[in-house]
Amino acid sequence: MHEPAVLPWWARWLLILTPLGIHRGDVEADLGELFEDRRQRYGWLYARQRLCSDVLSLWRGTSWGGTMLQDLRFGVRLVRKHPLPVGLTVAGLALAIGVATSVYSLVSATMLRPFGMDDPDSIVGVGQSGHSGSWAYWPYGDFLVMRQAAKLSSLEAADLERVRVGTGLSRDDDALHWAMFVSGGYLRILGGRPAAGRALVPSDDAADAAAVAVVSHYFWKTVLAGDPSVAGRIVRVNGTPVTIVGVLERDFTGPSEIRPALWTTFSAYDELMLARPFDPTTRTLIEVYGRLTPTTTLDAAEHELDAIVARLSEGRTTSAHGPEPGVRLYRAASPIDLENPMEAYVATASLVAVLGLVLALACANAANLLLAAAATRRREIGVRLALGATRRRLVRQLVHESLLLGLLAGGLGFLFAIWLVPVLSGLLGMPPEITAGPDRQVLLFAIVVAIACGVGAGISPARYGTRGDVLSALREGERRAGRLAPTRLRTSYVGFQAAVSTLLLVVAALLARTAIHMTRTEIGFDAGRIVGISLSLPRKDFNEHVYLQRAVDAVRAIPLVERVSASQYQPFGMSIERDVFTHDGGTHTLYIQRSDADLFVTMGVRLLRGRTFTAQEVDSEAAVALISDSIARAFFGDADPIGRSVSQIPSEGSPHPPATIVGIVSDTLAGPLRTEQLGTLYRPISRERSNPPSLIVRTPNPHAAARAIEDALRPLDPRARIQTSIVGDRLDAYLEQKRRFAWLAGPVAMIALVLAALGVYGVTAFVVSQRTHEVSVRMAVGASAADVLRLFVRQGLRPIAIGLVIGLAAALAVSRVFASELSGISPHDPVAIGAALSVLLSVALIAVIVPARRAARTEPASVLRQT
Amino acid sequence: MKGERLGELEELTLLAVCAVKDETYGVPVQQFVEKTSGRRVTIGAVYAALERLEDKGYVRSVMGTARQMRGGRRKRLFRATADGIRALKETRRVRERIWDVIEAKGRG
């Protein structure tokens, strides 16, 4: 007997949903056998077609499956008969499902995908923890010892670097890419398999091995144009030729959010990075990852490594305040940020909440339309009841109909998502390496959402539609049936829609205001002309002072460079210093910049009053300070601050002498543009510091200068690591990200607004058509057209007003959560909220007035004669 | 005989059960019906027919022996009962009587 054939995935899913009873195993085996037989005889296509009809045929055999098929056929007929209302419902649902599905694809591609590694659960990152928090880096020498001694996990290591990679003839075209330097077994333990050529193997990491690399699938497709004979091709990495031996599978990224373009070995590090070669004494910091052996728990592996590291540090004299290393293992298989898992969860959760709201809005809309349909279909339902249909059967029929609507909308929404995903990922500026296709998982999501929407929209109209007695339904017919329409239910849908639209509109308006505000923000210095250079220097046997002097001279000698200054922090850099200062009992939190006397000219920060530091003050680290304009006013009001002093509230026990203010400079944006715009206090650069200073360079052409600086500094000392950053680019990237956020919120709010307007319009129009008779009577006894209009507007707007208040309250509560996204705009910004409310109100008013005017134009005589 | 008639697909299915083997299951029956009748038959329809035939007492299902296993479990096999065969013969007799009449008319 042979093993049953494996069915395609969709058939397996359908089978799971199919009620098969106790013979499930038999049926599945039979289907497999038939499928295999047909495939061999007639090919895939035929086998699939037949499999599809076979699986569907199984439904007919069951009791409810049969009635469902019957209902669906009836539903299709209804769709043909009433194309407009059904079309509106389906379009609304499809829009919402499409948006939800595309956002879900993006989230799943960026956050939920486990980096394409094998068996991700047993992959761990090895971090060290001390009293100053934990970090994921180890000296290379320690890693070698750990790898040797560890029995419960196999350890490998990696180090991510920015390199220039070139394929053409000219070095000028070399572009920046991320390269992952790895130990020999890295790709093997993580599951980085080659799609072409071979992967890196341990022998590639031998000290005398030639420099080889594997490239990412994306790099191969784009930069190398999918070259079929890529293995053996030579590329230039930082000017050094490297042989490509293979291309990795598309999904593989390794445990990092940054997707490297190529992977090469530690043994090539010295050659490519012009640094000291890796050997057991190397103290260069690298990241360590491991795969647990089967049956090993995280705790056991952590315990073992902890013991190894404890032995390691025995022989060493640890510095007094250095971290006492302890090993902390963490799961490395998820892109969720380990330092701030909550942030990622909150972001995802709020996204899901917004999507849920939009979907609920579309459902409410569909429910409203279906409710109207149920009211007009009372006659049909009455006939069915009279012919002996049970109430359960009727409810089931209506639910099946809405299910049909849901699936129809789901299909359209999915097609919409296929178009929308690339548009959205472009708007969001996602790295092109990320392929966010509507995959199987996304399709499943869409189907589940569609079914939920269909049933959610159908359940209350179905319950309503089948209520009431047979006779009156038959006698009344369709015209007056609406009198019995559950007005409270319908208006509460409208109220709900108004609330959700308000919430989304207010949020979108706040984000839009932020985007506008930021383009107008005064940066306060010439961000477009600045290149920052960060240095990482060895601590032992290295004269930092001499090196710095030589580096400054070398940079100054470059023709493009206008000025060079030293400062502790870079504008928009990775690190920033903040402290609390006190004056006259009040406290203020300020950014602190420590620099030489020249920095203000280099960066283009204007001196408003007083003077900058003198060279002596910088040399002696005198207790002097410059402050920015806004804090001068906040601290001292209209009084002259020059000559006054501010003191820092001492932290960690060490006293700080008060600093005398010698000058005032214009305000600058020193750090991230947040709501709380902090001023900056400038001090002379300190000699006792934990990190070497950054060099700040002023130049008319930052990009060309950055390249020239790297070339000039590299030969100075191979032990130093240099990184240039273009401040203007950082700022642009940051602003761009904010703008995209607003861009994304806009369409979502627009969809919400359109859906709400449709809902309001639909309900009012329906109410108006149902109350023609009543209106005629009112007009016959003397009501004017204006009275009628007022009546409908008042009644139509009441649920909207209630929804508006609820939505506004929700928006105010929610906006506090993402206050950090709103730079310079208060979460209660009256302009944004006012604009959102007035847009919503005017749209709602139009949606009410248009159908209400129809009622006001009623000819009482003709209507009354008819009834 | 329980006085119940055979539907067309039921008849074909029952004939197939008799024709294929002493004991058979869904796949061979479906293939046989499809091949001999020349029309597409879904497996669902075959199951439904077998189900009805079993209700009428025309086929009996038994669990297969240890040799007849698939995916680690015994499969359910169908076998025509004496009632079933009688019903088939009865149907055939009815048809033959009618054909006799038709052919007699053709000759005359």
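Residues numbered from 1 in each chain as written. Chains lettered and ligands numbered in written order. Predicted model: local features only at pLDDT ≥ 70, side-chain atom pairs only at ≥ 80, totals over all residues. Heavy atoms only, no water.

1. Topic: the overall build of chain B
Here's step 1: Each helix and strand in chain B was counted, giving four helices and four strands.
Here's step 2: Shown N-terminal to C-terminal, the secondary structure of chain B runs as helices and strands in the order α-α-α-β-β-β-β-α.
Here's step 3: For chain B, the residues scored as buried account for 39% of the 108 residues in total.
Here's step 4: Within chain B, contacts between residues separated by at least 24 positions form 54% of all contacts whose residues are at least 6 apart in sequence.
Here's step 5: In the form shown here, chain B has an accessible surface area of approximately 6,600 Å², with 52% of it arising from carbon and sulfur atoms. (Helix = DSSP H or I, 4+ residues; strand = E, 2+ residues; numbered from the N terminus. Buried < 20%, exposed > 50% of the residue type's maximum accessible area, 1.4 Å probe, protein only. Contact = heavy atoms within 4.5 Å. Areas by Shrake-Rupley, 256 points an atom, 1.4 Å probe, with all protein chains shown as cover.)

2. Topic: the overall build of chain A
Here's step 1: Secondary structure summary: chain A contains 26 helices and 23 strands in total.
Here's step 2: Across the 867 residues that make up chain A, the buried fraction comes to 49%.
Here's step 3: A separation of at least 24 residues holds for 80% of the contacts in chain A among residues at least 6 apart in sequence.

3. Notes on a nonpolar patch on the surface
Residues and elements named next belong to chain A.
Here's step 1: A cluster of nonpolar side chains, namely Leu 88, Met 750, Val 754 and Leu 758, defines an oily patch on the protein surface of about 310 Å² accessible area.
Here's step 2: The element contributing the most residues to the nonpolar patch is helix 22 (residues 727-770), with three residues.
Here's step 3: One can find Val 754 in helix 22. (Patch = residues over 30% accessible without salt bridge, like charges linked within 9 Å, V, L, I, M, F, W, Y side chains within 5 Å. Salt bridge = Lys/Arg side-chain N within 4 Å of Asp/Glu carboxyl O.)

4. Section: the pairing of strand 19 (residues 645-648) of chain A
Residues and elements named next belong to chain A.
Here's step 1: Burial of strand 19 is one-sided: the residues Val 646 and Gln 648 facing one way are buried, the residues Ser 645 and Ser 647 facing the other way are not.
Here's step 2: Pairing of strand 19 with strand 20 (residues 659-665) involves two bridges; the strand directions are antiparallel. When the bridges of strand 20 are listed, Val 646 appears paired with Ala 659. (Pairing = 2+ DSSP bridges.)

5. Section: the nonpolar core
All names here are of chain A.
Here's step 1: Ranked by size, the top nonpolar core spans 50 residues in total, and within it Leu 93, Ile 97, Leu 359, Cys 453 and Leu 504 carry the most contacts.
Here's step 2: Looking at this core, the elements with two or more residues in it are helix 5 (83-112), helix 11 (341-376), helix 13 (391-427), helix 14 (440-465), helix 16 (487-520), helix 22, helix 24 (785-817) and helix 25 (830-856).
Here's step 3: Among the elements that line this core, the one with the most residues is helix 5, at 11 residues.
Here's step 4: Apart from the residues within four sequence positions on either side, Leu 504 is in contact with Val 354, Val 358, Val 748, Ala 749 and Ala 752. (Core = buried A, V, L, I, M, F, W, Y, C linked by side-chain atoms within 4.5 Å.)

6. Considerations on the interface of chain B and chain A
Here's step 1: Chain B puts 20 residues into the contact, and the matching count from chain A is 20 residues.
Here's step 2: Roughly 1,800 Å² is buried in total at the junction of chain B and chain A, and carbon and sulfur atoms are behind 49% of that figure.
Here's step 3: If you look at where chain B meets chain A, you find one salt bridge.
Here's step 4: Ionic pairing is found between Glu34(B) and Arg50(A), a salt bridge with its closest N-O pair at 2.7 Å.
Here's step 5: Remark: the boundary between chain B and chain A carries seven residue pairs in polar contact (both at pLDDT 80 or more).
Here's step 6: Those elements giving two or more residues to the side of chain B that touches chain A turn out to be helix 2 (26-37), helix 3 (43-56) and strand 2 (69-70) of chain B.
Here's step 7: With five residues, helix 2 of chain B is the single largest residue contributor to the side of chain B that touches chain A.
Here's step 8: Taken together, the residues of the side of chain B that touches chain A break down into seven nonpolar, six polar and seven charged. (Buried area = accessible area lost by both parts, 1.4 Å probe. Polar contact = N/O pair within 3.5 Å; in protein donor to acceptor, adjacent residues only side chain to side chain. Nonpolar A, V, L, I, M, F, W, Y, C, P; charged D, E, K, R; others polar.)

7. A look at unusual backbone geometry
Residues and elements named next belong to chain A.
Here's step 1: In this structure, Asn 238 is a non-glycine residue whose phi angle is positive, near 45 degrees.
Here's step 2: Residue placement: Asn 238 occurs in the loop between strand 8 (234-237) and strand 9 (240-248).
Here's step 3: You can call Asn 238 buried: its relative accessible area is 17%.
Here's step 4: The backbone phi angle of Thr 295 is positive, close to 70 degrees, even though this residue is not glycine.
Here's step 5: The class of Thr 295 is exposed, set by a relative accessible area of 81%.

8. Brief notes about the pattern of salt bridges
Residues and elements named next belong to chain A.
Here's step 1: As enumerated under the stated definition, the model contains 28 salt bridges over all chains in all.
Here's step 2: With its nearest N and O atoms 3.7 Å apart, the salt bridge here joins Glu 710 to Arg 164. Highlighted residues: Glu 710 in helix 21 (residues 702-713) and Arg 164 in strand 4 (residues 153-166), separated in sequence by 546 residues. The same class applies to Glu 710 and to Arg 164, which are both buried.

9. Quick look at the side chain of Asp227(A)
Residues and elements named next belong to chain A.
Here's step 1: For Asp 227, the position within the fold is in the loop between helix 8 (217-222) and strand 8.
Here's step 2: A relative accessible area of 14% places Asp 227 in the buried class.
Here's step 3: Within polar-contact distance, the side chain of Asp 227 engages the backbone nitrogen of Ser 229 at 3.0 Å.
Here's step 4: If we skip the residues at most four places from it in the chain, Asp 227 touches Trp 220 and Arg 233.

10. Remarks on the packing of aromatic side chains
Residue and element names in this part refer to chain A.
Here's step 1: Applying the stated criterion across every chain, the model contains 13 aromatic pairs over all chains.
Here's step 2: Ring geometry for Tyr 140 against Phe 143: centres 5.9 Å apart, planes inclined by 45 degrees, an arrangement best described as tilted. With Tyr 140 and Phe 143 both in helix 6 (residues 140-149) and three residues apart, the pair spans about one turn of that helix.
Here's step 3: Classification of Tyr 140 as buried rests on a relative accessible area of 7%.
Here's step 4: With a relative accessible area of 0%, Phe 143 lands in the buried category.
Here's step 5: Between Phe 181 and Tyr 269 the ring centres are 5.0 Å apart and the planes differ by 75 degrees, which places this aromatic pair in the edge-to-face class. Here Phe 181, found in strand 5 (residues 175-182), pairs with Tyr 269, found in helix 9 (residues 269-273); they are 88 residues apart in sequence, far enough to count as distant.
Here's step 6: An aromatic cluster of three or more residues is present, and its members are Tyr 140, Phe 143, Phe 181, Phe 266, Tyr 269 and Phe 278.
Here's step 7: Here Arg 39 stacks its cationic end above the ring of Trp 44, 4.9 Å away from the centre of that ring. (Phe/Tyr/Trp six-rings, centres within 6.5 Å; stacked < 30°, edge-to-face > 60°. Lys NZ or Arg CZ within 6 Å of the ring centre and 35° of its normal.)

11. Concerning the environment of Ala80(B)
Residues and elements named next belong to chain B.
Here's step 1: Mapped onto the fold, Ala 80 is located in strand 4 (residues 76-80).
Here's step 2: Ala 80 sits in the buried class, given a relative accessible area of 18%.
Here's step 3: Along the sequence, Ala 80 and Thr 24 sit 56 residues apart, while their C-alpha atoms lie 9.6 Å from each other.

12. Re the confidence of the model for chain A
Residues and elements named next belong to chain A.
Here's step 1: With 79% of its residues at a pLDDT of 70 or more, chain A shows a mean pLDDT of 77.
Here's step 2: Scored below 50 in pLDDT, residues 336-340 makes seven contacts in the model with residues more than four places away or belonging to other chains.
Here's step 3: Residue range residues 477-484 is modelled with pLDDT below 50. Its contacts to residues more than four positions away, or to other chains, number 17 contacts. (pLDDT = per-residue confidence, 0-100.)

13. Overview of the side chain of Ser776(A)
All names here are of chain A.
Here's step 1: Along the chain, Ser 776 turns up in helix 23 (residues 772-780).
Here's step 2: Taking relative accessible area as the criterion, Ser 776 reaches 0% and is therefore assigned buried.
Here's step 3: Residues contacting Ser 776, with those up to four places away along its chain left out, are Thr 858, Pro 860, Val 863 and Leu 864.

14. A short note on the environment of Ile258(A)
Here's step 1: Take Ile258(A): it is sitting in the loop between strand 9 and strand 10 (262-265).
Here's step 2: Residue contacts for Ile258(A): discarding those within four places in its chain leaves Leu160(A) and Trp178(A).

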